[in-house]
Amino acid sequence: MIARTDATGGPGLLPEILEFTSSLTLDRALLREDVVGSLAHLVMLARQGLLCAEDSRTLRAGLVALWEADSRGELHLPPEEDIHLAVEAALTTRVGEVAGRLHTARSRNDQVALDLRLHVREMIALVLGHLASLLELLAARAEAEQGTILPAYTHRQRAQPISLAFLLCAYGAMFTRDVDALRFVLSQVDVNPLGSGAIAGTSLPIDRELTRALLHFSAVNPNALDAVGDRDFVLDFQYAAARSLTHASRVAADFIDFASSEFGFVKLDGALACGSSMMPHKRNPDVFELIRARSARAVGNLMSHFQALKGLPSGYHRDLQEDRAGLLQTGPWWCSVLSALTTALPRVTFDRERCLAALHCDYTQATDLAETLVQRGVPFRVAHQAVGTLVHRCQEAGIPLARATPELAQGIHPDLDLAALGTLDPLACVRRKESAGGTGPRSVSLQIVALRKSAASAALTARGVPRLQTLFDELREAPLR
Ligand code: ARG
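Residues numbered from 1 in each chain as written. Predicted model: local features only at pLDDT ≥ 70, side-chain atom pairs only at ≥ 80, totals over all residues. Heavy atoms only, no water.

Enquirer: Account for the overall build of the chain, with residues named and values stated.
Expert: Within the chain, the secondary structure is distributed over 20 helices and 6 strands. A compact globule built from 481 residues would reach a C-alpha radius of gyration of about 23 Å, whereas the chain, at 30 Å, exceeds it by more than 25%. Across its three principal directions, the C-alpha atoms of the chain cover 100 × 50 × 40 Å. Evaluated residue by residue, the chain yields a buried proportion of 50% over its 481 residues. Taking the intrachain contacts of the chain between residues at least 6 apart in sequence as the baseline, contacts between residues at least 24 apart amount to 78%. Where the 49 positive side-chain charges of the chain centre and where its 54 negative ones centre are 4 Å apart. (Helix = DSSP H or I, 4+ residues; strand = E, 2+ residues; numbered from the N terminus. Rg over C-alpha atoms; globule rule 2.2 N^0.38 Å. Buried < 20%, exposed > 50% of the residue type's maximum accessible area, 1.4 Å probe, protein only. Contact = heavy atoms within 4.5 Å. Lys, Arg positive; Asp, Glu negative; His and termini not counted. Charge placed at Lys NZ, Arg CZ, Asp CG, Glu CD.)

Pasting the structure below:
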């Protein structure tokens, strides 16, 4: 019970209270972060003359041994309040009393703030890698699906013909914003809290600039009191995750509809579809349903973190420890959803005939017909009304727009002639929409190029994120003088 003194009440904390207050089962997952942070702190203490050469070598060897034992799956930590004390206790077992020198000029308050920042930074690198793969996949699939056309929906009613490539680029645009969001989170995380101490800094001659450089942060927190209570970067990460998973959820919602018999637009590969334990005929889109559901849980984690923060006075409070469960869940969920999408999408085939049939039997070219009249000088509102009347007459006659005759149409407006009605082929409707961001093939080709760029730049940003393994490799060799 390292964090207890006579003033606390001696070593006798009730075991059930220890169990209730301990975060060790959760933040055991932060061992690598904790060891890396301690190595940087130790190098700094040594160079500042706060640790002698021999002690610093002993402590470093002990921390390196803990990391390596953990990598081999052989590290057993004693029961303690949290990962920080458990590491100190394990270090004491290995190197003896000298372990007590490592916590010089440090508090668990700045230590946990550091571990969480290192953790979020590591997760960002992983998520960016998944986003890069997904964006690349969407770009490649879009390239192959320029000729597949289907209805786009507003209000879940057939709206206008689009290419499947265009729909896939829309998904890509959402995930590109996730890359941007992660860059913002990265900028928020990129600050060194170590050296803030418990709340007010320290009277010892530490060098926060040195730990900043050793841990590859761009700046140090400007205020110790703020630094130990600041979990905004956790909020930012949780928000970026909840938003991105919401994007994934919306993609999934499309595919759940598309796979239904009512739409019949897609077929799920047998290796992707799930069955029913009772109904022998089922080919269910469970993967997409679970992608949709997981976003709900990520939103829940964001909300609970907000709730934990909103009532807190300034400074550190143990409430902050409750960030752990949600934070440690959300990152892996995010990765798992992106990777499930990346695995699932290539195993979904579009039924081109059904998609086309949904256009041929409907009225989705009505806007194009109105725009044809506008090109002949008819005011848009007049054209809109005329085509609306034509659609109504077709509906009464039980025929799709493509089968409207000039006799029927010209009775409504003289410009609704054979030539105008000849522009109703859905593929031609798609081809004409070359406004920037539209579904036309030239516009979509540009969108595909942009997606590829986003994929490459996400991968580049991911590669630039300092990783725990690299920090460990550097810190185990860093000069102690
Ligand atoms: N386990 C705490 C957390 O994760 C860190 C220790 C906080 N300091 C304290 N004096 N209880 O937030």
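So that's the structure; there's more coming.
Enquirer: So what about the nonpolar core? Which residues, and what values?
Expert: Tyr171, Phe175, Phe255, Phe258 and Phe288 are the most contacted members of the largest nonpolar core, which totals 74 residues. Counting residues per element, this core draws most heavily on helix H6 (residues 108–144), at 15 residues. Once residues lying within four places of it in the same chain are set aside, the contact partners of Phe288 are Ala252, Phe255, Ile256, Leu268, Leu272, Leu341, Ala344 and Val348. Among the nonpolar cores identified, the runner-up in size contains 43 residues, and Met44, Leu75, Leu194 and Leu475 belong to it. (Core = buried A, V, L, I, M, F, W, Y, C linked by side-chain atoms within 4.5 Å.)

Enquirer: Please set out the site of the ligand residue by residue, giving values where relevant.
Expert: Taken together, Ser23, Asp82, Arg108, Asn109, Val112, Tyr316, Arg318, Gln321 and Arg324 make up the full set of residues near the ligand. In this structure, a nitrogen atom belonging to the ligand sits 2.8 Å away from a side-chain N or O atom of Asp82. Separating a nitrogen atom of the ligand from a side-chain N or O atom of Gln321 is a distance of 2.8 Å. Considered on its own, the ligand offers 340 Å² of accessible surface; in the complex 85% of this is hidden by protein. Element by element, the count of residues in the shell around the ligand is highest for H6, at 3 residues. (Near = heavy atom within 4 Å. Polar contact = N/O pair within 3.5 Å; in protein donor to acceptor, adjacent residues only side chain to side chain. Areas by Shrake-Rupley, 256 points an atom, 1.4 Å probe, with all protein chains shown as cover.)

Enquirer: An account of the pattern of salt bridges is needed here, citing residue identities and associated values.
Expert: This structure, assessed with the given rule, holds 26 salt bridges. When the shortest N-O distance is used, the salt bridge between Arg467 and Glu122 registers 3.2 Å. Here Arg467 is found in the loop between helix H19 (441–464) and helix H20 (468–475), whereas its partner Glu122 is found in helix H6, with 345 residues between them in sequence. One connected set of salt bridges, linked through shared partners, spans Asp27, Arg231, Asp323 and Arg324. (Salt bridge = Lys/Arg side-chain N within 4 Å of Asp/Glu carboxyl O.)

Enquirer: Could you give me a rundown of the packing of aromatic side chains, with the residues and numbers involved?
Expert: Scanning the model with the defined rule gives 11 aromatic pairs in all. Note on Trp67 and Phe472: the rings are 4.0 Å apart at their centroids and 5 degrees apart in plane angle, and the pair reads as stacked. Within this pair, whereas Trp67 is found in helix H4 (residues 53–71), its partner Phe472 is found in helix H20, the two being separated by 405 residues in sequence. Taking 6.1 Å as the distance between ring centres and 70 degrees as the angle between the ring planes, the aromatic pair formed by Phe258 and Phe350 counts as edge-to-face. Here Phe350 lies in strand E6 (residues 348–350) and Phe258 lies in helix H10 (residues 232–258), a separation of 92 residues in the sequence. Relative accessible area serves as the criterion here: at 10%, Phe350 is assigned to the buried category. Within the aromatic cluster, the residues linked to one another by ring pairs are Tyr153, Tyr171, Phe255, Phe258, Phe263, Phe265, Phe288 and Phe350. Taking the ring centre of Phe217 as reference, the NZ or CZ of Arg121 above it sits at 4.5 Å. Above the face of the Tyr153 ring, Arg156 is positioned so that its terminal group lies 5.1 Å from the ring centre. (Phe/Tyr/Trp six-rings, centres within 6.5 Å; stacked < 30°, edge-to-face > 60°. Lys NZ or Arg CZ within 6 Å of the ring centre and 35° of its normal.)

Enquirer: Can you tell me about the side chain of His41, naming the residues and giving the values?
Expert: Here His41 shows up in helix H3 (residues 31–47). Residue class for His41 comes out buried when judged on its relative accessible area of 1%.

Enquirer: Give a description of the pairing of strand E2 (residues 157–163) that names residues and reports values.
Expert: Where strand E1 (residues 149–154) meets E2, 6 bridges bridge the pair, whose relative direction is antiparallel. Note on E2: the bridge partner recorded for Ala152 is Gln160. The hairpin formed by E1 and E2 contains 2 residues between the paired strands, and His155 there has a positive phi angle of roughly 55 degrees. (Pairing = 2+ DSSP bridges.)

Enquirer: How would you explain the side chain of Ser23 if you had to name every residue and give the values?
Expert: Among the structural elements, Ser23 can be located in the loop between helix H1 (15–21) and helix H2 (24–27). Discounting residues that sit within four places of it in the chain, Ser23 has contacts with Glu81, Asp82, Gln321 and Arg324.

Enquirer: So what about the packing of H10 against helix H11 (residues 286–310)? Which residues, and what values?
Expert: Relative to each other, H10 and H11 sit at 155 degrees, their axes nearing to 8 Å. By the angle between their axes, H10 is roughly antiparallel relative to H11. Regarding H10 and H11, the two cross each other, and that crossing is left-handed. Among the residues forming the contact of H10 with H11, the class breakdown is 17 nonpolar, 6 polar and 3 charged. (Axes fitted to C-alpha atoms, helices over the stretch in contact; angles between N-to-C directions. Parallel < 35°, antiparallel > 145°, perpendicular 65-115°, else oblique. Left-handed = near helix turned anticlockwise from the far one by under 90°. Nonpolar A, V, L, I, M, F, W, Y, C, P; charged D, E, K, R; others polar.)

Enquirer: Give a description of a nonpolar patch on the surface that names residues and reports values.
Expert: A cluster of nonpolar residues, Val299, Met303 and Phe306, forms a patch on the protein surface that exposes about 250 Å² of accessible area. Structurally, Met303 is set in helix H11. (Patch = residues over 30% accessible without salt bridge, like charges linked within 9 Å, V, L, I, M, F, W, Y side chains within 5 Å.)

Enquirer: Outline helix H5 (residues 83–95), supporting the account with residue identities and numerical values.
Expert: With 13 residues, H5 extends 18 Å between its outermost C-alpha atoms, agreeing within 8% with the 18 Å of an ideal straight helix rising 1.5 Å per residue. Turning to H5, its buried residues are Ile83, His84, Leu85, Ala86, Val87, Glu88, Ala89, Ala90 and Leu91. Looking at the buried residues of H5, the elements they touch are H2, H3, H4 and H6. Taken from the residues just after H5, Gly96 is the one with a positive phi, measuring 85 degrees. (Expected span 1.5 Å × (residues − 1).)

Enquirer: Kindly report on H11, identifying the contributing residues and their values.
Expert: Helix length check: H11, at 25 residues, gives a terminal C-alpha distance of 37 Å against a target of 36 Å (1.5 Å per residue), a fit within 8%. Looking at H11, one finds that the buried residues are Phe288, Ile291, Ser295, Ala298, Asn301, Leu302, His305 and Leu309. As for H11, its buried residues are in contact with H10, strand E5 (266–268), helix H12 (323–344) and E6.

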